Each structure stands twice: as structure tokens, then as C-alpha cells.
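What follows is the residue order along each chain.
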Protein chains: 2
Amino acid sequence: MTKPLALGSTIGILGGGQLGRMLSVAASRLGFKTHIFEPGANPPAGHVADAVTTAPYEDENALRAFANSCDVVTFEFENVPTAALDLIEAQVAIRPGREALRISQDRLTEKTFLQELGLNVAPFADIPDRAAMEGAVAEIGAPSILKTRRFGYDGKGQARLRTPQDADQALADMNGAPAILEGFVDFSHEVSVIAARSFAGEVACFDPGENVHRNGILHTTTVPARLSAAQRTDAVLMAARILNALDYIGVLGVELFVTPRGLIVNEIAPRVHNSGHWTQNGCTVDQFEQHIRAISGWPLGDGTRYADVTMENLIGDDMDRVPELAREATTAIHLYGKAETKPRRKMGHVNRIMR
Amino acid sequence: MTKPLALGSTIGILGGGQLGRMLSVAASRLGFKTHIFEPGANPPAGHVADAVTTAPYEDENALRAFANSCDVVTFEFENVPTAALDLIEAQVAIRPGREALRISQDRLTEKTFLQELGLNVAPFADIPDRAAMEGAVAEIGAPSILKTRRFGYDGKGQARLRTPQDADQALADMNGAPAILEGFVDFSHEVSVIAARSFAGEVACFDPGENVHRNGILHTTTVPARLSAAQRTDAVLMAARILNALDYIGVLGVELFVTPRGLIVNEIAPRVHNSGHWTQNGCTVDQFEQHIRAISGWPLGDGTRYADVTMENLIGDDMDRVPELAREATTAIHLYGKAETKPRRKMGHVNRIMR
């Protein structure tokens, strides 16, 4: 076991979006400073950080100086280029570790990993090329979804096959990117478990949340989720199995489909997760502080849920509703300080609290 | 009524200590940026701010550039030099306004103001010089406390008179500073009300907290405080009277002595207050966000208390207890990131939550 970070240490965060921003605030509560590395100008996380480096992930000098200023480095998104991680890791520890990143950066690797762990996943097939598609469609059928192996999020890089005849168009939509075909899962709803694992190997899970998507983007997460006691236990055990298999340190999100045949893992995210934002107003220690505690060698905090909460994302023009939301009782507002409002851009969220 | 700040505006904060730090975090939740002005190096608020100016309050160019970058300016302590405020105010609004600062910067002015409002205060007398002392001691008697009119906090600038014979020593302790003599109030306990007033003149008060001091520094604040229903109403009405009289915008702390004869105002602070830190873990909207909402022209937020909380300050070597505090369930830790631990220095606090 490694030593905990000294008080006042600096935590490096790769990525300066809203997740980095809320991680940075959580780090401050524990007395840590943060240093944000982000290619884009005026990153939301930079408004609440001790230092910001604005540079591309290819800038080796900037990466070295960044790594040199940090006592540990974490990330808010899983698609950090491998070469940048290699460079940073030569100087300072990255947590969670590289294995979790490697696995979750690629849908094929991720699905294979989960399956080998004995967890249920949707039927899937590797689609390296057009030739593979025919056999896969024959086996998995339709409806199904073709997804790029890498860089997909918020519904990007996906194409649906309603019938096998959609195969050509779906393949064309991938623009030649390696993909996987996923069989359609007939689920009643989606839940996610936000789980954490510490230096000492202790595991803690927040109460599962129930997710509703709109236009491929998370719309609301509600706790408690509709789950039987047995499903709740299953969900937590599945998350723990993933964390332990990865020797994981930090917070990880696991999306699960609820089906009559049991829980099916949709995907995992090796980071704090949009579906865990409710914890800010439903737990003494939220997912952001839990992540900071884990990667800093602190014991995990008290994530017991003390209220019913519905988190709603504010996307694009939802920002016009802020003045009215500001008047709602028992509604906590969290805005991200993004300079420009765009359609489909996550601009903030609210947590509606029912006690 | 002035216009609310635009989304993404910058709030200037005079003072970079823990109050500025927690104000800055609250501002980020509402999508605002902050700019900290602080003479000392490495200010705690700077770890979570968009910009920091390190300069003395006499640096006119620095003050002008600071004011120029801000859409409104507030402060975390009441002893900002008047000349600096004049310079800033020539460019940008200061909230709360100058009148509240003028009154609370001087114990004599403050006590006179409160008395003229019809509120009960301890008997007091102006002590401009040695000659005044004799008459005051004859009138107010002992036990009593001699306090400097300006710049006192955490028990600094105070000398007790146990008997009238202590008068000479007490006066010598003032080092020639103008002072007031305050009669001893026989109170059972101290409470404080954290109150807020918005642009629109709406007033909201957090539930009063009960304060315990150690060595002249706040040790704990507990909610609910021991108060009868009538006392609770009185406390809130007194706070509202002060806010309205000052046409106040922002959060203000009112310390009250609970006595058999009723509530007596000890002092007021025109800012967020240590005794309001419990709100971070007991209310949907805490005192820091309430202040930011008020000065930004937002409606006041929901400060309803949803849990019993005891806030305990971590002072000096209390920091050695952090590893053990980190293991406590239902305890929220808030550290200030101060570079050096010193005796009597406030290093952080914990909120122990009882639901």
C-alpha cells in the first residue's frame, strides 16, 4: 500500500470540464490544491483550480511540467491519449491505474473483460471490417446497435439497425472506424452504481440511481431506483467485482440494464459519472470527494443516502430556466460556468431533494 | 432595484482566507467566476478562484485593475481600509454597502446604531482617553471588558476588569487605541443568527446556532440552539430589523446573548460568519451561496434546516486529528489549505450531522 498524500498536496486533473470542476471543489474541501491540464481555453475547472495548463496532449514539455507540479494525477474522461499518460506516469502516479483506462477506452476490450469476469453483457461481435458485419448480423440479428469501439459518448458514434437491411447504412455511419455490433437488450430501465475503492482495498457503493435518457444524453437520475432488494445486492456485488478485478483506486460508474433475466452491464466509466451528481445533495460525502479520498489514500467517506433525490441535467437552452429554478425550494443548482451555451451541451444540473 | 449579474460574471472578493475560499466555491456552483484580492501570499481562497491579485490594500493600480475585472465586489472581513473601498467603488458596486462596513468597523458606532434601533445591548461607554475611564468604571462597574473600538477579533484587543482596580492595567493593554468599556452581561449562552437580504428586500434567516467559545475563539456551533419559540422569533426579528435599517444586501451574522431579561446583541458581522458553517451540511443552500445569491441579484435560496448539526472548528494542532476525523461516519470535513499550522489559527472545521 502506498502512503497517503500529505496535507496540501497538489492533485493533477486531466480534463477541465464539469467533472474536473467538481473534483477540484471536492479536493479543496480536503485541503488539496489542483492543477488542471486541458487543451481548450477557459475550462470550467480552471475557475476553481490553483493552476491551469492550457496545452494539447501532444505538448511534451507542458505535460512534463504539469506532472512535475503534481503529487498524483487523475482524469475526468477516459480518452486521454496513451502517449500523454506514458509521459506523465514516468514522473508521478496516475490513479485510477492505466489498466482501467485501457479496458474502458475500447468497447470490445471492455465487453470482453466484463464477460470474462462472469458478468452478463449484451451479445456483441467485433466488426473490424465489412466482411465481419454479415456474420455478426446473422448471429445477433436486429434490432441491434453498431458502435465505434473508441471515443463514443452521449450517443455519438452509434447507429441503430432496426432490421438487418440497415447494416450497410450503419457501417457507412462509422466512417471506417473499428466497431462492435451489440444485440438489443429488452430492459425495463437503466440504473447505475457509483462505486469506490481505496488504497486499502475497501469498497463502497452509493445507492444505485435510475437513469432516463433523452436524445442519447442522460436526462435524469433518480434515487432510490426501482430495484428489488436482491437486484440492489447484485448491482453492488457486480460493481465490487469489477473494482477488485482492476485493483482499482478511485470512483467508477457502472451502467446496468434491468431485465427480467437479471442485470446486464451496459458500460463502465473509470471516473466520476453524471449519474452520480445526486450524491452532492443526498450524501455527506459525494462522489467527487469519494474519488479524491480514494486517490489520496484517505479512508472512503460516508456515502449513505439521506434523502430521495432527482438529478436533472441542464442541457443547452435549459439555461433559460435558471431564474425559475432559482426560486424552487429544495432544489440545489449546480452550473458549470461554460462560456457558451450550445445545443446538446451539458451546462449544469439541479438536484431536487425530497426528505 | 439593480439588475441581476449576468451568467458567468466575475465576483471580486476582498480577502483570501477561508471565508473567501468558501464563497468562491459557492460562486462556482452558480456559474460565477471569482477574483481574489489579498495582500498575503498563497491565500486559501486562491486555490479555488479564477484569478488572484496579490497586493497590499495601498496599491492603487492593483486595486483599479482588480475592480475593472469584476462585475461586483464583496469582502470576507470588515476591516478593509476605507481608501481602498473608495477606489474600488468608483468603478464597481460593493455589496453589502459601505454603511454596514462603516458601522461594524467600530464597536462604538455599532453599539450606538443597535441601541438607536431599539435593540438591547450591554451597557457601554466611550473611552477616548484615561479621563473617560474613571467615570465609565464608576457607572458600569466591574466585571466589565475594555475593547478596542477597531480591529478586534477572536478575543484580540480585549482586557477584562474583574474589579475596578484592573482599570489601569486594562487601559495599558489597549496601547493607546480608542476603546469602549462594556458592562458584563450575565448570559446563559450565546447564539447567532445568520441572516440574508436580497436586492428585492426579501429577508431569510438560517435557524439560530448555539456557540461555545474556547480561549476567545469559536469552538463549536450547534443547531438547534437552546431557545424558546418566543426567543427564536425575537432573534429572527432583531436580525431582520438590522438588515432593513442598513438596506443590506448579502449575509450578515448577529451574535446574541441569551439572558433571563431577553436577547442582547453582542455584535454584528457584515459577512458570512464562522457560526454559519453548519449550513454547508444542514441546508440545501448554505450561507456562502446565500451571500452570493444576494449580492448577485438572485432570489434567496432554501435555507431550511434539514438536520441537526454540530460544527467544530479545527484550530492549530487539531489538524493532527484529521486522519481520525476522516473515519467518522456522518462527519463532513472542510479544510482550508493553509500552508502553515499555527496555534490559534483556524485550519478547518467539521460538521457532525445527526439525522
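Residues numbered from 1 in each chain as written. Chains lettered and ligands numbered in written order. Predicted model: local features only at pLDDT ≥ 70, side-chain atom pairs only at ≥ 80, totals over all residues. Heavy atoms only, no water.

In the nomenclature of an unreviewed UniProt entry, chain A is known as N5-carboxyaminoimidazole ribonucleotide synthase of Sulfitobacter sediminilitoris. The Subunit (unreviewed entry) comment attached to chain A in UniProt states, word for word, "Homodimer." (UniProt positions renumbered as here; feature names shortened; annotations may be inferred.)

(A) Main features of the environment of Arg344(B). Residues and elements named next belong to chain B. Here Arg344 is to be found in the loop between strand E16 (331-335) and strand E17 (346-354). The sequence separation of Arg344 and Val121 amounts to 223 residues, and the corresponding C-alpha distance is 28 Å. A distance of 3.0 Å separates a polar side-chain atom of Arg344 from the backbone oxygen of Asn215. (Helix = DSSP H or I, 4+ residues; strand = E, 2+ residues; numbered from the N terminus. Polar contact = N/O pair within 3.5 Å; in protein donor to acceptor, adjacent residues only side chain to side chain.)

(B) Spatial organisation of the interface of chain A and chain B. Contacts between the two partners involve 36 residues from chain A, matched on the other side by 36 residues from chain B. Carbon and sulfur atoms make up 57% of the area that chain A and chain B hide from each other, which totals about 3,000 Å². Where chain A packs against chain B, one counts zero salt bridges. Summed over the shared surface of chain A and chain B, the result is eleven residue pairs in polar contact (both at pLDDT 80 or more). At the level of secondary structure, the elements contributing two or more residues to the side of chain A that touches chain B comprise helix H1 (18-29) and strand E16 (331-335) of chain A. Ranked by the residues each element gives to the side of chain A that touches chain B, the list is headed by E16(A), at five residues. Split by residue class, the side of chain A that touches chain B holds 17 nonpolar, eleven polar and eight charged. (Contact = heavy atoms within 4.5 Å. Buried area = accessible area lost by both parts, 1.4 Å probe. Salt bridge = Lys/Arg side-chain N within 4 Å of Asp/Glu carboxyl O. Nonpolar A, V, L, I, M, F, W, Y, C, P; charged D, E, K, R; others polar.)

(C) Quick peek at the sheet that holds strand E2 (residues 33-38) of chain B. Residue and element names in this part refer to chain B. Pairing is parallel across the open sheet formed by four strands, whose spatial order is E3-E2-E1-E4. Two strands close off the open sheet at either side, each with one partner strand: strand E3 (51-54) and strand E4 (72-75). For this sheet, the mean angle separating the axes of adjacent strands, direction not counted, is 20°. The sheet contacts of helix H1 (residues 18-29) involve strand E1 (10-14), E2 and E4, and relative to E1 the element is tilted by about 170°. (Pairing = 2+ DSSP bridges. Axes fitted to C-alpha atoms, helices over the stretch in contact; angles between N-to-C directions.)

(D) Up close: the pattern of salt bridges. All names here are of chain B. Within this structure, the stated rule accounts for 46 salt bridges over all chains. A salt bridge links Arg149 to Asp126; its shortest N-O distance comes to 3.8 Å. Pair noted here: Arg149 is in the loop between strand E6 (144-148) and strand E7 (158-161) and Asp126 is in strand E5 (residues 124-127), with a separation of 23 residues, a long-range link. Among the ionic pairs, Glu312 bridges to Arg321, the shortest N-O distance being 3.1 Å. Residue Glu312 is classed as buried on the basis of its relative accessible area, which comes to 10%. (Buried < 20%, exposed > 50% of the residue type's maximum accessible area, 1.4 Å probe, protein only.)

(E) View of the environment of Ala326(B). Its location among the elements puts Ala326(B) in the loop between helix H10 (322-325) and E16. Since its relative accessible area comes to 3%, Ala326(B) is described here as buried. What Ala326(B) contacts, discounting residues up to four positions off in sequence, is Arg293(A), Trp298(A), Pro299(A), Leu300(A) and Ile333(B).

(F) Spotlight on the sheet that holds strand E1 (residues 10-14) of chain A. Residue and element names in this part refer to chain A. Strand order in this open sheet of four strands is E3-E2-E1-E4, and the pairing throughout is parallel. Only two strands of the sheet have a single partner each, and these edge strands are strand E3 (51-54) and strand E4 (72-75). Pairwise comparison of adjacent strand axes, ignoring direction, gives a mean angle of 20° for this sheet. Sheet strands in contact with H1 are E1 and strand E2 (33-38), and its direction is about 170° off that of E1.

(G) Broad picture of the nonpolar core. In terms of nonpolar packing, the biggest core is built from 94 residues, with Ile11(A), Ile292(A), Ile11(B) and Ile292(B) touching the most fellow members. Ignoring sequence-local partners within four residues, the contact set of Ile11(B) consists of Leu5(B), Ala27(B), Phe32(B), Lys33(B), Thr34(B), His35(B), Cys70(B), Val72(B), Thr74(B), Ile292(B), Ile295(B) and Ser296(B). One finds Leu119(A), Ile180(A), Val193(A) and Val265(A) within the second-largest nonpolar core, a separate group that totals 29 residues. (Core = buried A, V, L, I, M, F, W, Y, C linked by side-chain atoms within 4.5 Å.)

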